[in-house]
Amino acid sequence: MTNPYLRHPATIAAAALTIHELSGGRMILGLGPGGDLALGPVHVPRLRPLRATRDALRVIRAVSRGEAL
């Protein structure tokens, strides 16, 4: 499980694709907006969480498909 505030979506996609390949297709990515437990200690504000998650998902899907944004 990760969030779009602490990792760039392209980095999330690359890591997920690597694990997916190494695991024989058993990778499941959990993506959410994050909360105070994850973002509080690093003082990252949770601005527009739904939009941030949707935008990250769009990038992750494009990278996974080899598409340009």
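Residues numbered from 1 in each chain as written. Predicted model: local features only at pLDDT ≥ 70, side-chain atom pairs only at ≥ 80, totals over all residues. Heavy atoms only, no water.

(A) Spatial organisation of the pattern of salt bridges. Inspection of the entire model under this criterion finds 1 salt bridge. A salt bridge links Arg51 to Asp55; the nearest nitrogen and oxygen atoms lie 3.5 Å apart. In this pair, Arg51 and Asp55 both sit in helix 3 (residues 49–65), 4 residues apart, roughly one turn of the helix. The partly exposed category is assigned to Arg51, whose relative accessible area is 47%. Residue classification places Asp55 among the partly exposed positions, given a relative accessible area of 32%. (Salt bridge = Lys/Arg side-chain N within 4 Å of Asp/Glu carboxyl O. Helix = DSSP H or I, 4+ residues; strand = E, 2+ residues; numbered from the N terminus. Buried < 20%, exposed > 50% of the residue type's maximum accessible area, 1.4 Å probe, protein only.)

(B) Quick peek at the environment of Ala14. Positionally, Ala14 belongs in helix 1 (residues 9–22). Taking the C-alpha atoms as reference, Ala14 lies 8.4 Å from Ile60; in sequence the two are 46 residues apart.

(C) Local environment of helix 1. Over its 14 residues, helix 1 extends 20 Å from the first C-alpha to the last, a length consistent with the 20 Å expected when each residue adds 1.5 Å. Of all the residues in helix 1, the buried ones are Pro9, Ile12, Ala13 and Ala16. The arc that holds every buried residue of helix 1, seen down its axis, measures 95°, which confines them to one face. The exposed residues of helix 1 that point more than 90 degrees off its buried face are Glu21 and Leu22. On its buried face, helix 1 sits against helix 3. With its phi angle positive at about 75°, Gly24 sits one or two positions after the end of helix 1. (Expected span 1.5 Å × (residues − 1). Arc of directions from axis to C-beta. Contact = heavy atoms within 4.5 Å.)

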